[in-house]
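Now for the letters of each chain:
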Amino acid sequence: MRLDSVVIAGGGIAGLLAAAAVGPHTQHITIIEKDDLPAEPAPRPGVPQGRQVHALLGAGQDAMSELLPGIVEDFAAAGARMVDSPADLAVFGRFGWAGRVRSGTQTVMMRRPVLEHVVRSRVLALPNVIVYRSAATGLSMSDDRTRVIGLQLLDGTTAEGDLVIDATGRVSKSMDWLADFGYEAPAEKEMRSHIGYATVEVRLPDDAFDDGVAGVLAHPHPGNCRGAAVVPADNGIYLIAGLGMMNQDPPRDLDGFMAHLDAAPSPIVGEIARKAEFLTDIVTYRVRGSRRRMWEDLERRPEGYLLIGDAVMAFNPLYGQGMSVAACEAVALSRSVSTDSTVAGLAHRAQAAMKDVIDTVFAMAVSTDGAYEDAELIGVPRPSPEDVNAGALLSQVATDDPEVALAVKRYAHHFDRTDLRSPSIADKLAVWQADGRKVVHDNPLIIPGIIG
């Protein structure tokens, strides 16, 4: 039987992109969304992190463009700021300033409600997509309980489909819903690093930054769990954010917020904040960490049920990976159904096809957040001292060498380790270590220029 109808729980980025993925291969797509979707860009109750800092990385742009051709141009038309992130954003980390190097690629910087509005407009313009305002409360199963055939809804109705997709995010109830029909929960891996955000929209004077700099990030690290960022968004708006790890949450009152910015590894964000015109209240958000559910490894699972987005892998939002990974997952779904649109086995094939990108990005979270002594690792080993030292060496060399800096950024933005494995980079790391070299660009008050 070929795919004819799809039901998606959740109308956020993951749900919208899932609809775009199956759009060319099915007749009917119903998105179940509890929020009243705004006609213009606006925050939604179902996206509590919606007013915090977001970015669409290179991997996400490539994936979204495959699903919705021309979408990056649509972002630009909606006012997005396009930056060459390795060059335009000055990043101060544990070992100093990351090497600023031109990459020829771009990162899409815009507020989440504006970005989501652009994606939603494109997806809801598809002739086979409708939105039904309700909330999913459970699953509808075949009589033999081997196939999910729909979603039970809060209003007492059932939305049926050949493929049912959970895109409800961190609050997903899939484990409970499946347990009601005798299915075991997937294995779970978690990195609890206890992250807090506080963000405000601002306007900045023209001379807020050094020449060639579009934003500044002072990342928290195990030596200082308080961080700060000022980054461009859309339509001339900037976002200033306090960032906290290991329960060092930035407060929302102005004095406390400013004190948090000043305590970051570089005080430059605090200095810029004092020049800013604050346009909104300071809004906070807190999340426990990164969580990975191994849905693809279940030996017994029902047919016709797929999970996507934060329902599978929820990320530390500090690294801006969530939307991009959801887009990559949607591409995996698109390619799975393009290869074979037979309903039997489709959900299993698509779930398995998402594994590589999820595992790659989860490994990043573990290697970074696992360096915090008090981080809680559940179901995953703590990085070994050798791995920690190797990562530290790479970060140090990336402050000074353009090839290494670009390879690090490619891994972070495109989820691609290929360049990091090159013999030339291995040689540079070995030489740096053998010569006992030290980081030069480590003055938190002085942003270095472009290298290479």
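Up top is the structure.
Rules used throughout
- Residues numbered from 1 in each chain as written.
- Predicted model: local features only at pLDDT ≥ 70, side-chain atom pairs only at ≥ 80, totals over all residues.
- Heavy atoms only, no water.
- Pairing = 2+ DSSP bridges.
- Helix = DSSP H or I, 4+ residues; strand = E, 2+ residues; numbered from the N terminus.
- Axes fitted to C-alpha atoms, helices over the stretch in contact; angles between N-to-C directions.
- Phe/Tyr/Trp six-rings, centres within 6.5 Å; stacked < 30°, edge-to-face > 60°.
- Buried < 20%, exposed > 50% of the residue type's maximum accessible area, 1.4 Å probe, protein only.
- Lys NZ or Arg CZ within 6 Å of the ring centre and 35° of its normal.
- Salt bridge = Lys/Arg side-chain N within 4 Å of Asp/Glu carboxyl O.
- Core = buried A, V, L, I, M, F, W, Y, C linked by side-chain atoms within 4.5 Å.
- Contact = heavy atoms within 4.5 Å.

J.: Could you give an account of the sheet that holds strand β19 (residues 305–307), naming the residues involved and the relevant values?
T.: A sheet is described by the order of its strands in space; here five strands give the open sequence β8-β2-β1-β12-β19, paired in parallel fashion. One side of each edge strand has no neighbouring strand; the edge strands of this open sheet are β8 (129–133) and β19. In this sheet, adjacent strand axes meet at a mean angle of 20° when their direction is disregarded. Across five bridges, the pairing between strand β2 (residues 28–33) and β8 is parallel. Across the sheet, T30 pairs through a bridge with I130, a residue of β8.

J.: I'd love a proper account of the packing of aromatic side chains, names of residues and values included.
T.: Counted under the stated rule, the structure contains two aromatic pairs. Their ring planes at 70° and their centres at 5.0 Å tell us that F92 and W97 sit as a pair that is edge-to-face. Residue F92 shares its accessibility class with W97, and that shared class is buried. A centroid spacing of 5.7 Å and a plane angle of 35° characterise the contact between F209 and Y238, whose relative ring orientation is tilted. Placement of F209 in the loop between β13 (188–203) and β14 (215–218) and of Y238 in strand β16 (residues 238–244) is noted, with a sequence separation of 29 residues between them. You'll find F209 and Y238 in the same group, each marked buried. When the ring centre of Y183 is taken as origin, the NZ or CZ atom of R300, which lies over that ring, is 4.1 Å away. The residue whose ring lies beneath R417 is Y411, and the NZ or CZ to ring-centre distance is 4.8 Å.

J.: Before we move on, could you go through the pattern of salt bridges and cite the residues and values that matter?
T.: According to the stated counting rule, one finds 27 salt bridges in the structure shown. A salt bridge links D234 to R111, with the shortest nitrogen-to-oxygen separation between them at 2.6 Å. Here R111 lies in the loop between β7 (107–109) and α5 (112–124) and D234 lies in the loop between β15 (226–232) and β16, a separation of 123 residues in the sequence. Here D234 matches R111 in class, with each residue buried. With its nearest N and O atoms 3.2 Å apart, the salt bridge here joins K428 to D401. Here D401 lies in the loop between α12 (385–397) and α13 (402–414) and K428 lies in helix α14 (residues 423–434), a separation of 27 residues in the sequence.

J.: How would you sum up the nonpolar core? Please name residues and give values.
T.: Within the largest apolar cluster, 121 residues are counted, with the highest numbers of intra-cluster contacts made by F75 and V119. Broken down by element, the residue count for this core peaks at ten residues, all from helix α9 (residues 322–339). Non-local contacts of F75, meaning those with residues more than four positions away in its chain, are made with L56, M64, A80, M82, V108, M110, L115, V118 and V119. A208, V213, V269 and A276 belong to the second largest nonpolar core, which has 27 residues in total.

J.: Can you lay out the side chain of S336 for me, pointing to particular residues and giving the numbers?
T.: Within the fold, S336 resides in helix α9. The exposure class assigned to S336 is buried, which follows from its relative accessible area of 10%. In contact with S336, not counting residues within four places along its chain, are L346, R349, A350 and A353.

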